[in-house]
Amino acid sequence: MEFGVTFQTDPPAKRVIELTRRAEEHGFTHAWTFDSHILWEEPYVIHSQMLAATERIMVGPFVTNPVSRDPSVTASVFATLNEMFGNRTICGIGRGDSVVRVLGRKPATLGQVERAMHVIRELAEGREVDYDGTKVRIPWVRGGRLKVWMAGYGPKALSLIGRKADGFILQLADPVILEWTKRHVHDAAREAGRDPKEVKICVAAPAYVGDDLAHQREQCRWFGGMVGNHVADLVARYGEGSEIPTALTDYIKAREGYDYSHHGKADNPTTEFVPDDIVDRFCVLGTVEDHIAKLRTLEELGADQFNVYLMHDAMEETLDAYGEKIIPVLSTPGA
């Protein structure tokens with residue numbers, strides 16, 4: 001198993017850069033950031049500094065979208081960073097949540113996401129694309145490589161991931177939901193003539209190492225609210241009693257709204273509806289031994305990477321615990 005870490009780009013930017021350097025020293029292979037340029041600082045500017053401060057770690061957005069970011073510009077950003085730092089970027093993409101809603105827009109359609117994945121990958125690797133009827137190629141790209149991983153929960157999104165994406169991002173660490181979503185992704189990959197193993201699986205969730213479980217829950221309860229935004233969309237689209245697992249949908253019945261000004265933060269007042277059992281299932285909490293046990297389960301179910309959402313009051317302590325006690329036990333040999 002590989003390990004990633006995701007940061008918010010809250011100022012000062014130098015803290016994200018310092019934590020990225022610390023993560024690389026501890027054996028993390030990927031450093032990601034949220035992409036919400038109104039709520040926080042512009043991530044791609046910071047990505048350049050994250051790459052400059054490190055030697056090996058891959059860097060990218062978790063996740064971008066084709067509504068607030070023109071795909072051709074996104075492709076050029078990745079191509080430029082790769083030219084500067086040697087193909088060390090990766091693109092996480094989805095329909096869009098915080099940034100599009102803060103801007104008063106709607107999330108992208110899956111058709112838009114599919115087109116964006118194609119355009120971003122092709123242009124960033126130097127190939128020509130049909131861009132709304134115009135043939136376009138970035139002429140200065142030489143030997144560019146870019147993997148595009150897509151986030152999703154619903155059956156149609158999971159089908160698109162299996163057919164077209166290089167990786168699947170699941171933003172929660174519930175083994176039951178991982179098993180269900182992975183099956184959809186793999187079935188779609190096979191139907192498209194792909195080897196399902198070609199689609200990497202990244203499980204992302206808050207991780208907090210320590211002994212005070214009650215405090216850990218309060219620090220990570222925001223995550224259930226964030227996931228609830230996507231689940232609410234799924235329920236609106238597919239309805240109650242659909243094939244979406246009740247393990248994913250039942251808890252949002254008490255949801256009354258969401259405050260994006262507190263998005264991804266422990267003090268979000270609109271996530272009080274999230275019960276303790278959801279926090280425990282969606283996140284990775286407890287002692288080092290608890291983390292290892294849950295991560296082994298996720299790995300056995302097919303997770304190639306575990307990505308730590310590092311948004312709580314013990315960032316350094318959790319990074320250190322992973323680097324010193326967890327990654328050495330679970331990391332992929334030779335990674």
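Worth saying up front: this structure is predicted, and the values here are computed from it rather than measured. (Residues numbered from 1 in each chain as written. Predicted model: local features only at pLDDT ≥ 70, side-chain atom pairs only at ≥ 80, totals over all residues. Heavy atoms only, no water.)

Asks: So what about the overall build of the protein chain? Which residues, and what values?
Replies: The helix and strand tally for the protein chain stands at 13 helices and 11 strands. Computed over its C-alpha atoms, the radius of gyration of the protein chain comes to 19 Å, within 12% of the 20 Å expected for a compact globule of 335 residues. Counting only C-alpha atoms and orienting by the principal axes, one finds that the protein chain spans roughly 55 × 45 × 40 Å. Taking all 335 residues of the protein chain together, 57% fall into the buried category. Contacts in the protein chain between residues far apart in sequence, at least 24 positions, make up 75% of those at least 6 positions apart. If you sum the accessible surface of the protein chain, you get close to 13,800 Å²; carbon and sulfur atoms cover 48% of it. Here the protein chain carries 38 positive and 49 negative side-chain charges, and the mean point of each set is 6 Å from the other. (Helix = DSSP H or I, 4+ residues; strand = E, 2+ residues; numbered from the N terminus. Rg over C-alpha atoms; globule rule 2.2 N^0.38 Å. Buried < 20%, exposed > 50% of the residue type's maximum accessible area, 1.4 Å probe, protein only. Contact = heavy atoms within 4.5 Å. Areas by Shrake-Rupley, 256 points an atom, 1.4 Å probe, with all protein chains shown as cover. Lys, Arg positive; Asp, Glu negative; His and termini not counted. Charge placed at Lys NZ, Arg CZ, Asp CG, Glu CD.)

Asks: Which residues make up the pattern of salt bridges, and what values go with them?
Replies: Inspection of the entire model under this criterion finds 18 salt bridges. Across the pair Arg217 and Asp276 runs a salt bridge, and its minimum N-O distance is 3.8 Å. Linking Arg217 in helix 8 (residues 213-220) with Asp276 in helix 11 (residues 276-282), this pair joins segments that are 59 residues apart in sequence. Using a relative accessible area of 19% as the deciding quantity, one classes Arg217 as buried. The residue Arg281 makes a salt bridge to Asp277 at a minimum N-O spacing of 3.7 Å. Taken together, the residues Arg281 and Asp277, both in helix 11 and four residues apart, mark about one turn of the helix. Residue class for Arg281 comes out partly exposed when judged on its relative accessible area of 26%. When its relative accessible area of 42% is taken as the criterion, Asp277 is described as partly exposed. (Salt bridge = Lys/Arg side-chain N within 4 Å of Asp/Glu carboxyl O.)

Asks: Could you give an account of helix 1 (residues 13-25), naming the residues involved and the relevant values?
Replies: Its 13 residues give helix 1 an end-to-end C-alpha distance of 19 Å, which sits within 8% of 18 Å, the value for a rise of 1.5 Å per residue. As for helix 1, its buried residues are in contact with strand 1 (2-7), strand 2 (30-33), helix 2 (43-52) and helix 13 (315-330). Just past helix 1, the residue Gly27 takes up positive phi, approximately 95 degrees. (Expected span 1.5 Å × (residues − 1).)

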